[in-house]
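Topology and contacts: notes
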Amino acid sequence: MNDRTPEQPAEIVARLRATFRSGRTRPVEWRVTQLRRLRDMLTEHGSDLAEALHADLGKSTTEAFRTEIDFTVREIDHTLDHLDAWLRPERAPVPAHLGEDATAWTQYDPLGVVLVIAPWNYPVQLLLTPMLGALAAGNAVVVKPSELAPAASAAMARLLPRYLDTSAVAVVEGAIPETTALLTERFDHIFYTGNGTVGRVVMRAAAEHLTPVTLELGGKSPAFVDRGPDLAVVADRLARGKFLNAGQTCVAPDYVLTDPETARALEPEFVRAVEALFGAEPQRSADFGRIVNERHFDRLSGLLDSGRAVTGGATDRSARYIAPTVLADVDPAAPVMREEIFGPLLPIVTVAGLDDAIDFINDRDKPLALYVFTDSAATRERLAAETSSGGLGFGLPLAHLTVSDLPFGGVGESGMGSYHGRYSIETFSHRKAVLDKPLG
Ligand code: NAD
């Protein structure tokens, strides 16, 4: 039995800070080694992680690999391929008054000790992707997995110390008390993924130390469907994006915004799309996930009568199952339209046309994503220019976040800051301005 008292947050941060101060995490070789070891962990323990994700969220093995394990491996490979280029100092032109022999450039400095707080819905990807960005930028990192995905949290706590340099990486498991204790410490950056309420708690705590934050939050991401496109394709893509991970995806299309005629025409297409994806009895489909816990199950069940179920509507509390559900005739003031759904319910809300849709979007919080299904170039341009959202997807939900060279993040209520690929280096570094004027 191990009767040592567990290391306290202050001790962990002090230990990691000493490592950072020693210069250990700075060399690119160290960073590359950590990323390679993380890759080894994911390939050697992919099936353990998939099992944990199944236990927490009923994720199928295919989904676990596609959206979490392989996703993270791709991000590692992309970073390993480009890290040297991303870190290269950038020359800046020098004004004439400094003389011809003066030079200027920017260099990326690691920040120090970074805290990553992760949510439960993609508990592997959303913990490891920010962490690997922070390591690639040369930082020490404390990661805090979500207590609401306990199997994944335990797997992270067990595996990460076996593969990574424990003098620079620490895993702290726990719930609100543990996170609160961590947040009293001084970090050099805090990266939080989750909801806006806790985002505010994090930002308040960070303000005490003037610590910069990245907040990856959520919100109601609309899907605008124009008259004209092939609605079978639209329904299929929306259903795939919405019902992945049983709708518990931060960039899931939250609701459909369309004109009344298109709304009616979409209904049978959604029925067909859902059946094609999950069969006549989605509860028996291995590809359809479960709601994370009973609290969320009850919350979502309470939203079901916000409209007429075109498909779905069934629930099973003991299995935390809610059928993939499409709701029509939804009033914009209905409960399902008042908060981010974060579950397998897709309401269809009607608007008169494009102007109305743009107003509808701009009257609400800036979403994490906006999806647009249209054949019209003018409509694309208007939505791109006249609305603001973290990301914008034409024709395909979710996929923009798989492009490593695009920044992933929100705006306004959907968050601040971004990451992925080189944007993680930007986030987890200080871009230092350097001027060199020879003494001669
Ligand atoms: P969660 O409840 O797991 O919380 C996230 C983290 O915050 C956990 O580590 C938790 O321990 C910690 N936490 C919770 N309450 C706290 C408190 N009072 N003080 C300090 N720490 C606390 O996750 P969640 O918020 O339910 O996740 C769902 C939300 O996250 C949705 O709004 C979703 O859109 C958003 N999300 C955003 C992204 C993104 O990348 N932008 C990704 C996934 C989820």
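Residues numbered from 1 in each chain as written. Predicted model: local features only at pLDDT ≥ 70, side-chain atom pairs only at ≥ 80, totals over all residues. Heavy atoms only, no water.

**Description of the domain arrangement of the protein**
- By domain assignment, the protein separates into domain 1 (9-217 + 410-436) and domain 2 (222-402).
- Between the C-alpha centres of domain 1 and domain 2 there is a distance of 31 Å.
- Tallying the contact residues gives 21 residues for domain 1 and 25 residues for domain 2.
- Applying the counting rule to domain 1 against domain 2 returns zero salt bridges.
- Applying the counting rule to domain 1 against domain 2 returns eight residue pairs in polar contact (both at pLDDT 80 or more). (Domains from an automatic or database assignment. Contact = heavy atoms within 4.5 Å. Salt bridge = Lys/Arg side-chain N within 4 Å of Asp/Glu carboxyl O. Polar contact = N/O pair within 3.5 Å; in protein donor to acceptor, adjacent residues only side chain to side chain.)

**As for helix 2 (residues 28-44)**
- Counted at 1.5 Å a residue, the expected span for helix 2 with its 17 residues is 24 Å, and the 24 Å between its end C-alpha atoms agrees.
- All buried positions along helix 2 are accounted for by W30, R31, V32, Q34, L35, L38, M41 and L42.
- Summarising the contacts, the buried residues of helix 2 are in contact with helix 3 (46-57), helix 4 (61-87), strand 2 (103-110), helix 5 (125-136) and helix 6 (150-163). (Helix = DSSP H or I, 4+ residues; strand = E, 2+ residues; numbered from the N terminus. Expected span 1.5 Å × (residues − 1). Buried < 20%, exposed > 50% of the residue type's maximum accessible area, 1.4 Å probe, protein only.)

**Considering the pattern of salt bridges**
- For the structure shown, the criterion picks out 24 salt bridges.
- Through salt bridges with shared partners, a single network forms among R17, R186 and D188.

**Examining the site of the ligand**
- Taken together, 27 residues sit near the ligand, with S146, E147, N195, L217 and E340 positioned nearest.
- Contact between the ligand and S146: an oxygen atom at 2.6 Å from a side-chain N or O atom of the residue.
- The backbone of G194 places a nitrogen or oxygen atom 3.1 Å from an oxygen atom of the ligand.
- Within the complex, 92% of the 850 Å² of free accessible area of the ligand lies under protein.
- In this structure the site holding the ligand corresponds to the largest pocket.
- The set of elements that each furnish at least two residues to the shell around the ligand consists of helix 7 (176-183), strand 6 (189-193) and helix 8 (196-208).
- Tallied by class, the residues present in the shell around the ligand amount to 16 nonpolar, seven polar and four charged.
- The residue makeup of the shell around the ligand includes at least three contributed by each of domain 1 (9-217 + 410-436) and domain 2 (222-402). (Near = heavy atom within 4 Å. Areas by Shrake-Rupley, 256 points an atom, 1.4 Å probe, with all protein chains shown as cover. 1 Å grid on protein atoms, 1.4 Å probe; cavity = no way out; pocket = protein on both sides within 12 Å on 5 of 7 lines; lining within 4 Å. Sits in = over half its atoms within 2 Å of the grid points. Nonpolar A, V, L, I, M, F, W, Y, C, P; charged D, E, K, R; others polar.)

**Examining helix 7**
- Listed in full, the buried residues belonging to helix 7 are T179, L182 and L183. Burial along helix 7 is one-sided: seen end-on, the buried residues are contained in an arc of 95 degrees.
- Its buried side turned inward, helix 7 meets helix 1 (9-22), strand 3 (113-117), strand 4 (140-144), strand 6 and helix 8. (Arc of directions from axis to C-beta.)

**Notes on the layout of surface pockets**
- Size it by volume and the largest pocket reaches roughly 1,200 Å³.
- Lining the largest pocket are 47 residues, with Y192, G194, N195, G196 and T197 positioned closest to its centre.
- For the lining of the largest pocket, the elements supplying multiple residues, two or more each, are helix 7, strand 6, helix 8 and helix 11 (294-301).
- Residues of the lining of the largest pocket, tallied by class, amount to 22 nonpolar, twelve polar and 13 charged.
- When we break the lining of the largest pocket down by domain, the ones giving at least three residues each are domain 1 (9-217 + 410-436) and domain 2 (222-402). (Points joined across faces, edges and corners; volume = space filled by probe spheres on them.)

**Notes on the side chain of T262**
- Position of T262 among the secondary structure elements: in helix 10 (residues 260-278).
- A residue is classified by how much of its surface remains accessible, and T262, at 5% relative accessible area, is buried.
- Discounting residues that sit within four places of it in the chain, T262 has contacts with V225, D226, R227 and L231.

**With respect to unusual backbone geometry**
- A positive phi angle, near 55 degrees, is found at L210, a position not held by glycine.
- Structurally, the position occupied by L210 is in the loop between helix 8 and strand 7 (213-216).
- In this structure L210 comes out as exposed when scored by relative accessible area, which is 80%.

**A closer look at the packing of aromatic side chains**
- Enumeration over the complete set of coordinates arrives at eight aromatic pairs.
- Ring centres of W120 and F342 lie 5.4 Å apart, and the angle between their planes is 80 degrees; this geometry places the pair in the edge-to-face category. A residue pair is termed long-range when its members are at least 10 positions apart, and W120 in the loop between strand 3 and helix 5 and F342 in the loop between strand 13 (325-328) and strand 14 (345-350) qualify at 222 residues.
- These aromatic residues form a ring-pair network of at least three members: F191, F408, Y419 and F428.
- Between K59 and the ring centre of Y122, over which it is positioned, the NZ or CZ distance is 3.8 Å. (Phe/Tyr/Trp six-rings, centres within 6.5 Å; stacked < 30°, edge-to-face > 60°. Lys NZ or Arg CZ within 6 Å of the ring centre and 35° of its normal.)

**Comments concerning the pairing of strand 2**
- Pairing analysis gives three bridges linking strand 1 (residues 90-92) to strand 2, with the strands arranged antiparallel. Bridge pairing links A92 to A104 in strand 2.
- Where strand 2 and strand 18 (residues 429-436) come together, eight bridges link them in antiparallel fashion. Each residue of the ladder has a partner; that of D109, found in strand 18, is H430. (Pairing = 2+ DSSP bridges.)

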